[in-house]
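Single-letter residue listing:
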Amino acid sequence: MFEVFVFATLNGLVTGLLLFMLASGLTLIFSMMGVLNFAHASFYMLGAYFAYTLSAYLGFWGGLLFAPLIVGCIGAAVERYGLRRVHQSGHVAELVFTFGLAFLIEEAVQFFWGRDTKNYQSPELFDFALFTLFGQEFSAYRGFMIAIACLIFGALYFVLTRSRVGIIIQASISHPQTVANLGHNVPLIFMCVFGVGTALAGVAGVIAGPVLTTFPGMATVLGSIVFVVVVIGGLGSLPGALIASLLVGLLQSYAIAADVGMPELLHLLGLSFDSSHPLNDLWTLNLPQIAPVLPYLLLVLVLIFKPTGLMGNREQ
Amino acid sequence: MTLILGLRRPQSKHHQSTHHQSKHHQSKHHQSKPHLNSAQSAAGQSLTRRASLSIGALVCAFSFSAATAQEPVRLGFMDPLSGTFASVGTSGLNVLEFAADYFYNSKGGILGGRMIEIVPLDNKQSPTETQLQFRRAVSEELRIIFQGNSSAVANTLNQTISKHNRRNAGQEVLQINYAAVDPILTNEECSFWHFRFDAHAVMKLDVLTDFIAMNDELSSVYIIGQDYSFGQVVADNTIRLLGEKRPDIEIVGNEFHPIGQVKDFTPYVTKIASSGADAVVTGNFGADMVSLARSIIDSGLDVPIYTFYAAYDGITATLGADGKDRIRLIHTDRANPLASDERRDFYKAFKTKHPNSDITQSRLANALMMVVQAMEQSQSTDPYDIAVQLEDMRFTSIAGDELWMRGEDHQLFQPLYISKQTDEGIEFDADNSGFGLLTEYEVGTSETITEHSCRMRRPRR
Amino acid sequence: MKKQLPVWLGFALALVFLPSIFDSVLGISILNQMTIWIIFALSYNMLLGQGGMLSFGHAVYFGLGGFMSVHALNLIADEVLVFSITLIPLVGGAVGLVAAIFIGSFSTRKSGTVFAMISLGIGELIVASSLIFADFFGGEAGVTGDRTYGPPFFGIEFLQDAEVYYLGAFWLFVATLFMYLFTQTPAGRMANAVRDNPERAEFIGYSTRRVRFISFCAAGLFAGIAGGLFAINYEFITEENLNALTSGRVLLMAYIGGLGFFIGPIVGAVILTLMNSLLSNYSEMWMLYLGIMFLLTVIFLPRGFAGFIMMHQIAWQNRRLGTLILPYFVTAVPALVFLAAFVGLVELSHKGDDILPFFGLSLGAESMLSWGILLALAGIGALGVKLSRPRLAAAWALANTPTADDRGDVR
């Protein structure tokens with residue numbers, strides 16, 4: 001039981017930190033422009049595909065360096081030529097725009113790379129077990145994923161709270177007019193933040209691609225869960241995003257690991273139903289079955305009881 | 001291919017199996033076929049009206065030519081051709097179109113000179129879209145529909161066709177199921193208008209568990225699958241059959257995960273590892289299959305994985321050397337070494353035309369050849385006549401396999417094979433990866449015959 | 001209402017005569033889809049367009065209504081219930097209403113992002129439970145019914161799709177009429193007020209939550225009616241009819257059509273249904289085109305197609321709509337050339353060995369000349385659009401200037 005718990009924690013940590021890499025960019029974009037960027041996970045997918053192509057020529061590290069750059073440039077271009085125009089038509093228009101963009105990116109990926117699963121591999125450098133616990137290996141690559149995520153959190157937190165750029169960005173979030181009056185180019189800041197946010201998603205794609213398989217549906221799988229994380233954490237809060245990511249990652253991982261469910265609960269309560277009961281499906285439900293929807297349950301509960309999210313201090 | 005400027009090539013749709021016979025397509029509106037009844041020709045007229053409705057006219061260039069030859073035999077192919085599952089549908093379409101050209105159209109056609117035309121119907125692997133495409137097929141007088149992917153879609157189509165055929169006598173449609181393996185299609189839900197050319201899940205599991213039972217080193221098995229009907233059929237029957245054949249093998253896990261929603265399979269693999277299982281059995285397909293196998297490999301778990309759908313369409317290439325000697329597949333197509341030169345020539349010709357595609361489902365060729373034989377025997381393209389001929393048909397495939405279509409439930413019996421992924425002794429690899437399937441175990445047609453619970457209602461004629 | 005009587009009469013006449021124009025099996029099936037989607041899109045517009053509530057889970061009410069309706073069909077077939085299947089949409093509507101009352105009781109407390117995210121979460125929860133509770137939802141295969149077992153309705157047994165169409169058209173007319181009338185009620189008016197300025201609405205004594213709740217319930221009711229029609233038309237329903245994809249589709253329909261106009265969702269539903277059912281027959285790349293069209297619409301027609309039509313109202317009042325025809329034509333021709341060339345390029349790159357028929361030409365992917373022709377056409381088209389745009393803009397400005405200083409303007 002203890003080994004399952006240890007590994008569930010490690011798995012949850014990896015998933016949670018991966019989610020955080022996506023959520024960190026999204027929460028910046030979200031809090032700054034109020035844009036629910038539905039295409040954020042699509043940039044993550046683009047990161048994986050660009051890295052797959054680049055790694056054939058430049059190796060994994062070349063892919064890790066350049067793929068996020070390309071993705072960031074695409075993101076900045078999308079903001080400059082798409083979102084900025086749509087911005088005048090309101091939030092719903094922006095949302096529908098990113099919705100369509102997500103759709104388009106998925107189709108474009110299939111157009112250029114085909115519909116097959118891509119053979120994108122992690123570098124041989126990491127082809128060893130970091131440690132072996134209870135006879136199970138924890139691969140070095142997963143350790144690398146954790147390290148990168150921690151690095152990103154540290155760097156982002158430092159830039160946003162300690163550097164001049166960060167202070168301007170934070171100011172543009174709350175008081176865009178004042179910042180503009182002080183002579184800063186707010187649209188440029190928006191574009192850069194969007195570019196950096198999508199580039200972070202690209203980084204996540206590059207390092208997740210080999211582990212979670214690179215295929216055209218990879219954006220859809222992550223798509224809405226990233227929103228859930230950002231909203232649970234509280235809009236615009238980086239620590240909130242981190243906590244919510246880990247919460248969601250661990251919650252799912254523990255739920256899968258735990259082999260308990262309604263039968264155990266009913267047994268505890270001293271109740272029993274025979275299998276012909278109309279609600280038999282409910283009485284035989286177990287936790288691993290509902291693991292993927294637990295984040296949504298958490299989302300609804302958080303929003304009902306604390307509409308600002310865990311660490312947020314404002315609505316909208 | 002060079003550009004032929006000015007030559008007005010007759011084309012009706014961009015997606016045509018063959019180009020030289022499509023000139024006959026137009027003639028349909030002008031010549032009436034002798035055995036067409038009035039309802040059909042009415043539908044034919046409205047086809048022209050439908051064309052006026054189409055936005056897609058942009059990619060169509062209609063032109064008329066003298067209707068000298070007979071009109072083609074048109075067969076519908078309904079599978080996902082766009083969207084997430086499109087790779088499977090598209091590779092099936094390639095095989096069927098190629099088989100029609102290779103076996104018939106290049107040799108003068110069937111029924112005394114009529115060409116076969118395959119009409120793609122994109123159902124996006126959605127039951128709702130399946131209904132819409134079915135209505136399109138009826139509009140276009142497609143009376144024979146090949147369909148395979150997703151049992152949910154096959155069930156929907158089966159019921160839609162049953163209702164349609166009951167309500168529209170004389171306009172019946174025939175379902176040629178080449179891949180949907182839900183047992184109920186030839187048992188509780190069997191229909192006179194449905195023929196299955198794949199072995200159903202329980203037949204396959206019977207062979208697979210035989211094979212597992214032969215391995216004396218196994219003492220425990222973990223079953224994991226997608227949480228839907230096929231996954232449940234696999235789990236239930238693996239437990240039942242292994243319990244009969246090897247009661248000493250312990251089932252140490254029976255796990256269901258939501259279909260297509262799992263980001264990372266590592267938590268599941270952790271459970272597999274801590275259960276101490278010696279082997280994994282799964283019915284997963286697509287990305288769920290790749291991710292699961294990858295996670296098992298990455299966590300250093302060295303156990304064989306017994307599967308249904310773990311090859312081709314990028315899967316073999318992605319698993320590559322990691323999957324060597326570890327992935328085992330139950331399937332109906334004999335993999336390397338191929339059984340006959342005829343089969344080898346067919347494969348080579350296909351690879352010449354589609355270098356980046358594989359013959360993933362040679363069942364499609366079997367199904368087509370049996371349908372054509374039924375047409376030739378009855379000298380008719382009417383679904384009822386074809387169905388009557390198909391019942392209890394015995395056929396020798398190009399691989400030399402003896403096939404039998406049981407008349408009572410419309411289930412085809414054919415040899416079943418178990419192959420492993422390897423790069424040794426592979427003549428035809430998958431995904432051009434160097435890796436392919438090597439057949440290890442085979443079961444003859446007569447040994448695959450199982451009981452059925454079909455009570456078929458036959459239409460009166 | 002009196003002034004609009006001709007419009008409603010025309011609508012009714014169109015509904016009656018459309019199936020005689022598109023009378024093929026496919027035509028009727030597309031019309032049937034349209035009746036369903038129009039009701040659904042209009043109900044969605046009650047939320048977003050009129051009430052300012054962005055929902056990502058509206059398909060829940062459509063789907064739940066549909067599921068209950070299929071079960072009702074089965075109960076009719078088993079003779080447990082005895083009523084005509086023409087009333088099935090009411091079953092769906094009732095279920096949609098009940099679900100909306102329950103979910104709306106807590107989700108309408110806030111609007112904006114909170115509402116949107118709750119609707120997303122609820123949607124995912126319902127989809128997940130639909131796969132878990134296989135007895136009611138039938139798992140991934142869904143549940144099936146048969147519409148022909150009920151007592152005949154004046155001799156009609158609904159064997160054919162055409163008969164179903166008239167049933168759908170009747171419900172479409174009734175639902176549209178009621179949804180229109182709802183916009184004219186005080187509740188409908190207050191929904192607009194709460195959408196535009198919730199603070200002010202609160203100040204003059206209205207509970208914004210209550211106003212939102214009423215709109216939400218009405219939207220659930222009509223979505224359920226659409227779900228009931230779906231059940232009759234297709235005789236089955238699956239999990240995909242209540243998932244996020246369906247919710248997203250209805251959002252796109254309402255948006256593409258034009259949120260600010262009552263007729264907008266109708267236009268959107270018609271356009272998207274046509275594209276979905278016809279375009280896919282001609283190209284595997286149809287989703288790519290659809291995605292591009294969405295983006296272009298959002299960027300260039302922020303008020304949707306209905307908004308685009310309404311933009312011409314001033315020119316119409318100025319009696320100068322005619323002056324726009326020629327400039328439109330001059331711009332549209334090169335635009336269409338560009339479009340055709342673009343589609344040609346996309347298709348050609350996916351052809352492989354096959355030949356692409358292109359307006360009497362046969363193009364091959366390996367011929368440089370083929371690529372050259374298409375690229376040249378695309379260039380010519382783009383250039384033509386660029387050159388003709390200033391004239392269009394000038395004509396537009398002219399058509400929109402008031403008629404009073406008519407002569408002074410023409411130089």
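Just so we're clear, the structure is a prediction, and the values are computed from it rather than from any experiment.

Criteria and thresholds
- Residues numbered from 1 in each chain as written.
- Chains lettered and ligands numbered in written order.
- Predicted model: local features only at pLDDT ≥ 70, side-chain atom pairs only at ≥ 80, totals over all residues.
- Helix = DSSP H or I, 4+ residues; strand = E, 2+ residues; numbered from the N terminus.
- Buried ≥ 20, exposed ≤ 12 C-beta atoms within 10 Å, placed from the backbone.
- Contact = placed C-beta atoms within 7 Å.
- Rg over C-alpha atoms; globule rule 2.2 N^0.38 Å.
- Core = buried A, V, L, I, M, F, W, Y, C linked by C-beta atoms within 7 Å.
- Domains from an automatic or database assignment.
- Nonpolar A, V, L, I, M, F, W, Y, C, P; charged D, E, K, R; others polar.
- UniProt positions renumbered as here; feature names shortened; annotations may be inferred.
- Expected span 1.5 Å × (residues − 1).
- Bend = angle between axes of the 7 residues up to and from the residue.
- Axes fitted to C-alpha atoms, helices over the stretch in contact; angles between N-to-C directions.
- Left-handed = near helix turned anticlockwise from the far one by under 90°.
- Pairing = 2+ DSSP bridges.
- Right-handed = clockwise from strand over helix to strand, strands pointing away.
- pLDDT = per-residue confidence, 0-100.

Glancing now at the overall build of chain B. Each helix and strand in chain B was counted, giving 13 helices and 15 strands. Taking all 461 residues of chain B together, the buried fraction comes to 56%. Sequence-distant contacts in chain B: of pairs separated by 6 or more residues, those separated by 24 or more amount to 72%.

Helices and strands together make up the secondary structure of chain A, namely 13 helices and two strands. The C-alpha atoms of chain A give a radius of gyration of 21 Å, which matches the 20 Å a tight globule of 316 residues would have. Taking the principal axes of the C-alpha coordinates as reference, chain A spans close to 70 × 50 × 40 Å. Among the 316 residues that make up chain A, the fraction classed as buried is 53%.

Now for the nonpolar core. Counting 332 residues, the largest nonpolar core has A:Leu22, A:Val226, A:Val229, C:Ile39 and C:Phe222 as its most contacted members. When residues in this core are grouped by element, the largest group, 19 residues, is from helix H2 (residues 40–87) of chain A. Ranked by size, the runner-up nonpolar core spans five residues in total, among them C:Leu356, C:Phe358, C:Leu361 and C:Leu363.

Size of an interface, as often reported, equals the accessible area lost when the parts are brought together. Residues and elements named next belong to chain B. For chain B, the domain assignment lists domain 1 (10–29 + 37–199 + 337–414) and domain 2 (202–331 + 416–447). Tallying the contact residues gives 20 residues for domain 1 and 15 residues for domain 2. At the level of elements, helix H3 (86–103) and strand S12 (402–406) are the ones that each hand at least two residues to the side of domain 1 that touches domain 2. Class assignment of the residues belonging to the side of domain 1 that touches domain 2 gives a composition of 11 nonpolar, six polar and three charged.

Residue and element names in this part refer to chain A. Per the UniProt record, "transmembrane region" (unreviewed entry) is found at residues 6–28, 58–78, 90–113, 140–160, 188–209, 215–235, 242–262 and 282–305. Helix makes up 100% of residues 6–28 and strand 0%, whereas the separation of the span's terminal C-alpha atoms amounts to 32 Å. End C-alpha to end C-alpha, residues 188–209 measures 31 Å, and it is 100% helix and 0% strand.

On to helix H1 (residues 5–21) of chain C, then. All names here are of chain C. Counted at 1.5 Å a residue, the expected span for H1 with its 17 residues is 24 Å, and the 24 Å between its end C-alpha atoms agrees. Maximal helix bending in H1 amounts to about 30°, located at Leu-15; proline Pro-19 follows within four positions. Burial runs low along H1: only zero of the 17 residues are buried.

Time to look at the packing of helix H4 (residues 88–107) of chain C against helix H10 (residues 208–234) of chain C. When two helices pack together, their arrangement is given by the angle between the helix axes and the distance between those axes. Residues and elements named next belong to chain C. Running from N to C, H4 and H10 point in directions that differ by 145°, and their axes come no closer than 6 Å. Crossing of H4 against H10: the hand is right-handed. For the contact of H4 with H10, the per-class residue count stands at 19 nonpolar, eight polar and no charged.

With that settled, the discussion passes to the interface of chain A and chain B. With 29 residues of chain A at the interface, the matching set in chain B holds 31 residues. Looking at the side of chain A that touches chain B, the elements with two or more residues in it are helix H1 (2–33), strand S2 (136–139), helix H7 (186–212), helix H8 (218–233), helix H9 (238–257) and helix H12 (287–290) of chain A. Counting residues per element, the side of chain A that touches chain B draws most heavily on H1(A), which supplies six residues. Classifying every residue of the side of chain A that touches chain B by side-chain character gives 14 nonpolar, 10 polar and five charged.

Turning to helix H8 (residues 266–275) of chain B, a few remarks are in order. All names here are of chain B. Within H8, eight of the 10 residues are buried, leaving the element largely enclosed by the surrounding structure. All of the buried residues in H8 are Thr-266, Pro-267, Tyr-268, Val-269, Thr-270, Lys-271, Ile-272 and Ala-273. A positive backbone phi angle near 75° is found at Gly-276, which sits one or two residues after H8.

Next up on the list: the sheet that holds strand S9 (residues 305–307) of chain B. Residue and element names in this part refer to chain B. Strands sit in the order S7-S6-S8-S9-S10-S14-S15 across an open sheet of seven strands; the sheet is mixed. Of all strands in the sheet, those with a lone pairing partner are strand S7 (250–257) and strand S15 (436–443), marking the two edges. Sheet twist, expressed as the mean angle between neighbouring strand axes with direction ignored, is 25°. Examined bridge by bridge, strand S10 (residues 327–331) and strand S14 (residues 416–422) share four bridges and lie antiparallel to one another. Bridging from a neighbouring strand, Arg-328 pairs with Lys-420 of S14. The strands touched by helix H6 (residues 201–214) within the sheet are strand S8 (279–282), S9, S10, S14 and S15, with S14 carrying the most contacts at an inclination of about 60°. Of the strands in this sheet, strand S6 (220–226), S8, S9 and S10 are in contact with helix H9 (residues 286–298), which crosses S9 at around 170°.

All names here are of chain B. Relative to S7, S6 is paired through seven bridges, and the arrangement is parallel. Note on S7: the bridge partner recorded for Gln-226 is His-257. In this view, the connection linking S6 to its parallel neighbour S7 by way of helix H7 (residues 229–245) has right-handed handedness.

The next subject is the confidence of the model for chain B. Of the residues in chain B, 85% have a pLDDT of 70 or more, and the chain-wide mean is 81. Within chain B, helix H2 (residues 38–53) of chain B has the poorest average pLDDT of any element, 37, and strand S3 (residues 144–147) of chain B the best, 95.

We now examine the confidence of the model for chain A. Atom-level detail of predicted coordinates should not be read off regions where pLDDT is low. Here chain A averages 85 in pLDDT, while 97% of its residues score no lower than 70. Highest mean pLDDT in chain A belongs to H2(A) (91); lowest belongs to helix H11 (residues 280–283) of chain A (73).

In this section: unusual backbone geometry. All names here are of chain B. Cis geometry is found at the peptide bond from Asn-336 to Pro-337, where omega equals -10°. Looking at where Pro-337 falls in the secondary structure, it is placed in the loop between S10 and helix H11 (341–353). In this structure, Gln-125 is a non-glycine residue whose phi angle is positive, near 50°. Position of Gln-125 among the secondary structure elements: in the loop between strand S2 (116–122) and helix H4 (127–139). On the basis of neighbour count, Gln-125 is assigned to the buried category, with 22 C-beta atoms found within 10 Å.

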